[in-house]
Amino acid sequence: MSKASSSLVPKTNHPGQLEVYTKRHIVEAFGSDKTAEEMLAAFQDMEASLDVADLGLASLKVGIQLHTDGKDPEKALSFADKALKALDQDGKPSLLVSMALHLMACVNIRLERFDDSLECLNRADSLLRKLEEEGLASLEEIKSGMHAVHVELGNVKRALGKRDEALVHFNKAFKLLEMNLEKDNKELGMAYRNLADSYFLVSNIKEALPFGLKALEIHKEELDHNSVEVAHDRRILGAIYAGLGEHKNALEQFELSKKVFKNCGLTSELLSAEMEAANM
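Here the structure is a predicted model, which is why all the values come from computation and not from measurement.

Asker: Any chance you could break down the packing of aromatic side chains for me, citing the residues and the numbers?
Answerer: The way to describe two aromatic rings as a pair is by their centre distance and the angle between their planes. By the definition in use, this model includes five aromatic pairs. The interplanar angle of 80° and the centroid separation of 5.1 Å between the aromatic rings of Phe 43 and Phe 79 together place this pair among those described as edge-to-face. With Phe 43 in helix α3 (residues 36-46) and Phe 79 in helix α5 (residues 73-87), this residue pair connects regions lying 36 residues apart in the sequence. Of the residues examined, Phe 43 reaches a relative accessible area of 3% and is grouped as buried. Taking 4.8 Å as the distance between ring centres and 65° as the angle between the ring planes, the aromatic pair formed by Phe 174 and Tyr 192 counts as edge-to-face. Taken together, the residues Phe 174 in helix α9 (residues 163-180) and Tyr 192 in helix α10 (residues 186-201) connect sequence positions 18 residues apart. Exposure remark for Phe 174: the relative accessible area of 8% places this residue in the buried category. Here the aromatic residues Phe 174, Tyr 192, Tyr 199 and Phe 211 are joined through ring pairs into a cluster of three or more.

Right under this line is the structure:
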């Protein structure tokens, strides 16, 4: 055990002092500036001295970092499961339990275990709604969590071919995001694009167009005109215009999108196929 890692473990037998030191050390050992490897080493050093609640919090932080790294989803899932078991001891709804469920869902999506992911997301959604209904948390406190859950519910439903249901969740996520962000925030631009794509996939093409145009407007304003995000907006707009029979507009958007992708060293067989269809 290295000197640096062993120094993270508080050396005391006094219960009250141990709790204070533990919480402080969790913040230090599992901060956002730490790598997954550093967090794992700290977790191994500290695990034996953590109480159940702190074990759950530390496991959650390690699991999130492992999922962000994306190198070992099975290990990330094991820490998400450890976090959930520690945090959900009394069966009462809490934000931390919903976060553990959301993490489990995200890892399962990466592993393409969509049914498992759906089960976690539905439970997280139920817990968050219960927190608000019972006055245990305000909408302001839970709206970020609700947004994240509905985005992933939309992604899972889309992956399962349930496009109409996915659109319902993306709309809910969009409304929650609007509460948090300025109207021209680039993250909101991505939400507009997601809605445009979702409406297009359920063949509601006229409804898709204004969302696609708004996404392009925001990203052109907030990012470089030659950014990849703008190119993705144009690709979706091209598909929408083609669906509306506006082939000239479709080709214009596809050409502009293709130019940016090429400049960025990216290729898209899908884009080439869409351009051929728009030329017909």
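Asker: If you had to explain helix α6 (residues 95-110) to someone new, which residues and values would you point to?
Answerer: In an α-helix, one full turn covers 3.6 residues, which means residues spaced three or four apart are oriented alike. Its 16 residues give α6 an end-to-end C-alpha distance of 23 Å, which sits within 8% of 22 Å, the value for a rise of 1.5 Å per residue. Counting buried residues in α6 gives twelve out of 16 residues, a clear majority hidden from the surface. Within the sequence span of α6, burial applies to Val 97, Ser 98, Ala 100, Leu 101, His 102, Leu 103, Met 104, Ala 105, Cys 106, Val 107, Asn 108 and Ile 109. Looking at the buried residues of α6, the elements they touch are α4 (52-69), α5, α7 (114-133) and α8 (139-159).

Asker: I'd like a description of the environment of Glu 141, backed by residues and values.
Answerer: Assignment of secondary structure puts Glu 141 in helix α8. With 13 residues separating them along the chain, Glu 141 and Leu 128 place their C-alpha atoms 9.9 Å apart. Here the side chain of Glu 141 touches Ser 138 through a polar contact of 2.7 Å, landing on its backbone nitrogen.

Asker: Now, about the layout of surface pockets: what can you tell me, with residues and values included?
Answerer: One water molecule sets the probe size; rolling that probe over the atoms shows where empty space is left. By volume, the largest pocket amounts to about 230 Å³. Lining the largest pocket are 15 residues; nearest its centre among them are Ser 98, Met 99, His 102, Gly 145 and Ala 148. When contributions to the lining of the largest pocket are tallied by element, the ones reaching two or more residues are α4, α6 and α8.

Asker: Residue-level account of the environment of Ser 198, with values.
Answerer: Here Ser 198 lies in helix α10. Between the C-alpha atom of Ser 198 and that of Gly 154, which follows or precedes it by 44 residues, the distance is 9.2 Å. When sequence neighbours within four positions are dropped, the list of residues in contact with Ser 198 reads Arg 158, Leu 167 and Phe 170.

Asker: Describe the packing of helix α12 (residues 228-243) against helix α13 (residues 247-263), and please don't skip the residues or the numbers.
Answerer: Closest axis-to-axis distance for the α12/α13 pair is 8 Å, and the angle between their directions is 155°. Relative to α13, the element α12 lies roughly antiparallel. The two elements α12 and α13 cross, and the hand of that crossing is left-handed. Contacts from Val 228, Ala 231, His 232, Arg 234, Arg 235, Leu 237, Gly 238, Ala 239, Tyr 241 and Ala 242 of α12 reach α13 at His 247, Asn 249, Ala 250, Gln 253, Phe 254, Leu 256, Ser 257, Val 260 and Phe 261. For the contact of α12 with α13, the residue count by class is eleven nonpolar, six polar and two charged.

Asker: Tell me about the confidence of the model for the protein chain, and please be specific about residues and values.
Answerer: Averaged over all residues, the pLDDT of the protein chain is 84; the fraction at 70 or higher stands at 83%. Looking across the protein chain, the model is least confident in helix α1 (residues 3-6), with a mean pLDDT of 35, and most confident in α5, with 96. Confidence drops under a pLDDT of 50 for residues 1-22, and excluding neighbours within four residues, the segment shows 27 contacts in the predicted structure.

Asker: An account of the packing of α6 against α8 is needed here, citing residue identities and associated values.
Answerer: Angle between the axes and distance between the axes are the two parameters that describe a pair of packed helices. Between α6 and α8, the least distance of the axes is 11 Å, while the angle of their chain directions is 25°. One finds that α6 runs roughly parallel with respect to α8. The handedness of the crossing between α6 and α8 comes out as left-handed. Each of Leu 95, His 102, Cys 106 and Ile 109 in α6 lies in contact with α8, whose residues at this interface are Glu 141, Ile 142, Ala 148, Val 149, Glu 152 and Val 156. Considered class by class, the residues forming the contact of α6 with α8 number seven nonpolar, one polar and two charged.

Asker: Give me the pattern of salt bridges: which residues, what numbers.
Answerer: Throughout the structure, instances matching the rule amount to eleven salt bridges. Its salt-bridge partner being Arg 193, residue Asp 233 comes within 3.1 Å of it at the nearest N-O pair. With Asp 233 in helix α12 and Arg 193 in helix α10, the pair connects residues that are 40 residues apart, well separated along the chain. There is no split in this pair, since Asp 233 and Arg 193 are both buried. Of the charged contacts, one joins Lys 214 and Glu 217 as a salt bridge, the two residues approaching to 3.5 Å between their closest N and O atoms. Taken together, the positions of Lys 214 and Glu 217, both in helix α11 (residues 205-222) and three residues apart, correspond to about one turn of that helix. With a relative accessible area of 22%, Lys 214 lands in the partly exposed category.

Quick notes on the rules
Residues numbered from 1 in each chain as written. Predicted model: local features only at pLDDT ≥ 70, side-chain atom pairs only at ≥ 80, totals over all residues. Heavy atoms only, no water. Phe/Tyr/Trp six-rings, centres within 6.5 Å; stacked < 30°, edge-to-face > 60°. Helix = DSSP H or I, 4+ residues; strand = E, 2+ residues; numbered from the N terminus. Buried < 20%, exposed > 50% of the residue type's maximum accessible area, 1.4 Å probe, protein only. Expected span 1.5 Å × (residues − 1). Contact = heavy atoms within 4.5 Å. Polar contact = N/O pair within 3.5 Å; in protein donor to acceptor, adjacent residues only side chain to side chain. 1 Å grid on protein atoms, 1.4 Å probe; cavity = no way out; pocket = protein on both sides within 12 Å on 5 of 7 lines; lining within 4 Å. Points joined across faces, edges and corners; volume = space filled by probe spheres on them. Axes fitted to C-alpha atoms, helices over the stretch in contact; angles between N-to-C directions. Parallel < 35°, antiparallel > 145°, perpendicular 65-115°, else oblique. Left-handed = near helix turned anticlockwise from the far one by under 90°. Nonpolar A, V, L, I, M, F, W, Y, C, P; charged D, E, K, R; others polar. pLDDT = per-residue confidence, 0-100. Salt bridge = Lys/Arg side-chain N within 4 Å of Asp/Glu carboxyl O.

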